[in-house]
Amino acid sequence: MGFTECMDRIHVELLERFQRAQAQFTDRVDAVETAGWDAVVLPGWTVADLVAHVTRRQLLVPLLLAGERAEDVAEQLPTDSEELLAGDPLGSWESAADGALTAWAQPDALAGTVIGPAGPVPATDLVVELTADLTVHAWDVARATGGDTALDLELVAAGLLVTELRGVAGGLPAVAGPPVETGDDGDPQTQLLARLGRRG
């Protein structure tokens, strides 16, 4: 297999994982009942706030892939949860997720770069980060609302690799606090959650 074919295969796998992470998050959001939107999911955040945050990150994707700077596009989108969700959390999330997936699926989208706060980075770095972000936040929503907290094991493994390569200190959007000690016998999901400040 040549280099181009190898990279194409890697990009397909990254896109498939991103789509699965979106679907997993959608399932958890779809299961939230009316009273669940006000449940505390992270310190200072309700479930609605978290879904709005994740929705906003999806809305950023098409803009970043179009070559706009992160610091510029951040000013183009609302930060208020009510404005982002527009009275329809699931529908707003799904619309943003569809837009992000469509942008990633464009030819050569994953072969390019995006201009992050610290300068240009490979687009693959962003899709990997977003996939890990979605994976852990799916657990956050489920945990706060009594939903299904079992995560896709392949996505968990990919998330663990991200934390190992970048280091928790390097920061991931899903970080909720300092790492939690679990010992060496924790299952992969427990280890991932612990690295990102959560007790599984």
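Residues numbered from 1 in each chain as written. Predicted model: local features only at pLDDT ≥ 70, side-chain atom pairs only at ≥ 80, totals over all residues. Heavy atoms only, no water.

The tally for this structure, following the rule as stated, stands at 11 salt bridges. Residue E154 pairs with R17 through a salt bridge whose shortest N-O separation is 3.3 Å. You can see E154 sitting in helix α7 (residues 153-166) and its partner R17 sitting in helix α1 (residues 3-30), a full 137 residues away along the chain. Accessibility expressed as a relative area gives 37% for E154, which makes it partly exposed. Using a relative accessible area of 25% as the deciding quantity, one classes R17 as partly exposed. The closest approach of N and O atoms between R57 and E129, which form a salt bridge, is 2.8 Å. Separated by 72 residues along the polypeptide, R57 in helix α2 (residues 47-65) and E129 in helix α6 (residues 123-145) bring together distant segments of the chain. (Salt bridge = Lys/Arg side-chain N within 4 Å of Asp/Glu carboxyl O. Helix = DSSP H or I, 4+ residues; strand = E, 2+ residues; numbered from the N terminus. Buried < 20%, exposed > 50% of the residue type's maximum accessible area, 1.4 Å probe, protein only.)

Right, let's talk about α6 for a bit. Its 23 residues place the ends of α6 33 Å apart at the C-alpha level, agreeing with the 33 Å of an ideal helix rising 1.5 Å per residue. Taken from the residues just after α6, G146 is the one with a positive phi, measuring 75°. (Expected span 1.5 Å × (residues − 1).)

A separate point is the nonpolar core. Counting 49 residues, the largest nonpolar core has F18, F25, V47, V51 and W104 as its most contacted members. Broken down by element, the residue count for this core peaks at 10 residues, all from α2. Setting aside anything within four residues of it in sequence, one finds V47 in contact with V32, G36, W37, A39, V41, V141, A144 and T145. (Core = buried A, V, L, I, M, F, W, Y, C linked by side-chain atoms within 4.5 Å. Contact = heavy atoms within 4.5 Å.)

Averaged over the protein, the pLDDT score is 90; the fraction of residues at 70 or greater is 90%. Averaged over each element, pLDDT in the protein is lowest for helix α3 (residues 70-73) (88) and highest for helix α5 (residues 89-104) (98). (pLDDT = per-residue confidence, 0-100.)

A separate point is the packing of aromatic side chains. A full pass over the atoms with the stated rule returns two aromatic pairs. Taken together, a centroid distance of 6.3 Å and an interplanar angle of 70° make the contact between F18 and W104 edge-to-face. Of the two residues, F18 is situated in helix α1 and W104 in helix α5; the sequence distance between them amounts to 86 residues. Summarising the burial analysis for this pair, F18 and W104 share the class buried. Measuring from ring centre to ring centre gives 4.8 Å for F25 and W93, while their planes differ by 65°; the resulting arrangement is edge-to-face. (Phe/Tyr/Trp six-rings, centres within 6.5 Å; stacked < 30°, edge-to-face > 60°.)

Turning our eyes to something else, we now look at the pairing of strand β3 (residues 113-116). In β3, alternate side chains face the same way, and those of V114 and G116 are buried while those of T113 and I115 on the opposite face are not. The pairing of β3 with strand β4 (residues 119-122) spans four bridges and is classified as antiparallel. Bridge assignment links G116 to a residue of β4, and that residue is G119. Between β3 and β4, which follow one another and run antiparallel, lie two residues. (Pairing = 2+ DSSP bridges.)

This part covers α2. Its 19 residues place the ends of α2 28 Å apart at the C-alpha level, agreeing with the 27 Å of an ideal helix rising 1.5 Å per residue. Of all 19 residues in α2, 14 are buried, a share of seventy percent or more. Phi turns positive, to about 100°, at G67, one or two residues after α2.

Quick look at the packing of α2 against α6 now. For the pair α2 and α6, interaxial distance at closest approach is 10 Å and the crossing angle is 165°. Classed by the angle they form, the pair α2 and α6 counts as roughly antiparallel. The hand of the α2/α6 crossing is left-handed. Residue-level inspection shows V47, L50, V51, H53, V54, R57, Q58, V61, L64 and L65 of α2 in contact with α6, the latter providing A123, L126, E129, L130, D133, L134, H137, D140, V141, A144 and T145. Residues of the contact of α2 with α6, tallied by class, amount to 13 nonpolar, four polar and four charged. (Axes fitted to C-alpha atoms, helices over the stretch in contact; angles between N-to-C directions. Parallel < 35°, antiparallel > 145°, perpendicular 65-115°, else oblique. Left-handed = near helix turned anticlockwise from the far one by under 90°. Nonpolar A, V, L, I, M, F, W, Y, C, P; charged D, E, K, R; others polar.)

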